[in-house]
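Now for the letters of each chain:
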Amino acid sequence: MAEFSLGPDFERYQRDMQQQMGDLTKMQESIKAAVGRGEAADGRIVAEYRSEGGLTKLDLDPRALRLPAVELSDAIRTAVNAAAQDFQTKVREASSSMFDLPDDPQKTMDPAKALASLDKIANGFAGQLRDLARELGVQQQRAQQAMENYKGPGSPGPR
């Protein structure tokens, strides 16, 4: 009995989609696991920043509490901003291959380029879905013709 196949185009499409979904999953896991870390006041103030929860940790060494209120406030802000910046750097690294982001962290991401990357992925996906639908239609038509032409034991004569 012949093996049923949707053809090499469908198999290529399936491999491409699996690769893209795998890449997206890896990127999401990397972003979810990313922890931005920042310090101030000679390491006496430590902040951590995550995708879920934002600022998730703020450790204040008791010696830091001896600082004047204005200095303490500035040091906390410095640690939190450093943690957020570190987190952004890690997110940029995790998503740079998927969205063609600039390598230099000082350069800001161009929103138009990011949208163009998303459009490119979406258009590629839509094109692959069109190809798949076309191939499925061809295969359905072939299967219908094969059923109409089949003359096996006990089958009625031609229609």
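Residues numbered from 1 in each chain as written. Predicted model: local features only at pLDDT ≥ 70, side-chain atom pairs only at ≥ 80, totals over all residues. Heavy atoms only, no water.

Taking an unreviewed UniProt entry as the reference, the chain is identified by name as YbaB/EbfC family nucleoid-associated protein belonging to Actinomadura decatromicini.

Enquirer: Sorry, what's going on with the packing of aromatic side chains here?
Expert: Taken as a whole and judged by the stated rule, the model has one aromatic pair. A ring pair is formed by Tyr49 and Phe87, whose centres lie 5.4 Å apart and whose planes are at 55 degrees; its orientation type is tilted. Linking Tyr49 in strand E2 (residues 45–50) with Phe87 in helix H2 (residues 69–99), this pair joins segments that are 38 residues apart in sequence. On the basis of relative accessibility, which here comes to 27%, the residue Tyr49 falls in the partly exposed class. Looking at Phe87, the relative accessible area reads 10%, which means it is buried. (Phe/Tyr/Trp six-rings, centres within 6.5 Å; stacked < 30°, edge-to-face > 60°. Helix = DSSP H or I, 4+ residues; strand = E, 2+ residues; numbered from the N terminus. Buried < 20%, exposed > 50% of the residue type's maximum accessible area, 1.4 Å probe, protein only.)

Enquirer: Could you clarify how one ought to interpret the pairing of E2 in this entry?
Expert: The side chains of a regular strand alternate between both faces of the sheet. Note that strand E1 (residues 35–40) and E2 share six bridges and pair antiparallel. Paired with Ala40 across the strands is Ile45, a residue of E2. Here E1 folds back onto E2, and the loop between the two strands holds four residues, one of which, Ala41, carries a positive phi near 50 degrees. Inspection of the sheet shows E2 paired to strand E3 (residues 54–60) by six bridges, in the antiparallel sense. Bridge assignment links Ala47 to a residue of E3, and that residue is Leu58. Counting the residues between successive antiparallel strands, the hairpin from E2 to E3 contains three residues, one of them, Gly53, with a positive phi of roughly 105 degrees. (Pairing = 2+ DSSP bridges.)

Enquirer: So what exactly am I meant to see when it comes to the pattern of salt bridges here?
Expert: A side chain with one charge may pair with a side chain of the opposite charge, provided their charged atoms come close. In the structure shown here, the tally under the stated rule is nine salt bridges. Between Arg37 and Glu48 there is a salt bridge, and its shortest N-O distance comes to 4.0 Å. You can see Arg37 sitting in strand E1 and its partner Glu48 sitting in strand E2, a full 11 residues away along the chain. Look at Arg37 and you get partly exposed, because its relative accessible area is 41%. Note on Glu48: relative accessible area 13%, which makes it buried. Put simply, Arg37, Glu39, Glu48, Arg50, Lys57 and Asp59 are held in one network by salt bridges that share partners. (Salt bridge = Lys/Arg side-chain N within 4 Å of Asp/Glu carboxyl O.)

Enquirer: Looking at this model, I keep getting lost on the nonpolar core. Mind explaining?
Expert: Soluble globular proteins: nonpolar side chains tend toward being buried together. Counting residues in hydrophobic clusters, the biggest one holds eight residues: Ala40, Ile45, Ala47, Ala64, Leu72, Ala75, Ala79 and Ala83. Contributions of two or more residues to this core are made by E2 and H2. Here the element with the most residues in this core is H2; it accounts for four residues. Contact partners of Ala40, with chain neighbours within four places excluded, come to Ile45, Ala75, Thr78 and Ala79. (Core = buried A, V, L, I, M, F, W, Y, C linked by side-chain atoms within 4.5 Å. Contact = heavy atoms within 4.5 Å.)

Enquirer: Could you clarify how one ought to interpret a nonpolar patch on the surface in this entry?
Expert: Taken together, the side chains of Leu55, Leu58, Leu60 and Leu65 define a hydrophobic patch exposed on the protein surface, amounting to about 320 Å² of accessible area. Looking at the secondary structure, you find Leu58 in strand E3. (Patch = residues over 30% accessible without salt bridge, like charges linked within 9 Å, V, L, I, M, F, W, Y side chains within 5 Å. Areas by Shrake-Rupley, 256 points an atom, 1.4 Å probe, with all protein chains shown as cover.)

Enquirer: Could you clarify how one ought to interpret the sheet that holds E1 in this entry?
Expert: Paired through their backbone hydrogen bonds, the strands of a sheet run either parallel or antiparallel. In spatial order, the strands read E1-E2-E3; together these three strands make up an open sheet with antiparallel pairing. If you trace the sheet from one side to the other, it starts and ends with E1 and E3, each paired once. Sheet twist, expressed as the average angle between the axes of neighbouring strands with direction ignored, equals 15 degrees. (Axes fitted to C-alpha atoms, helices over the stretch in contact; angles between N-to-C directions.)

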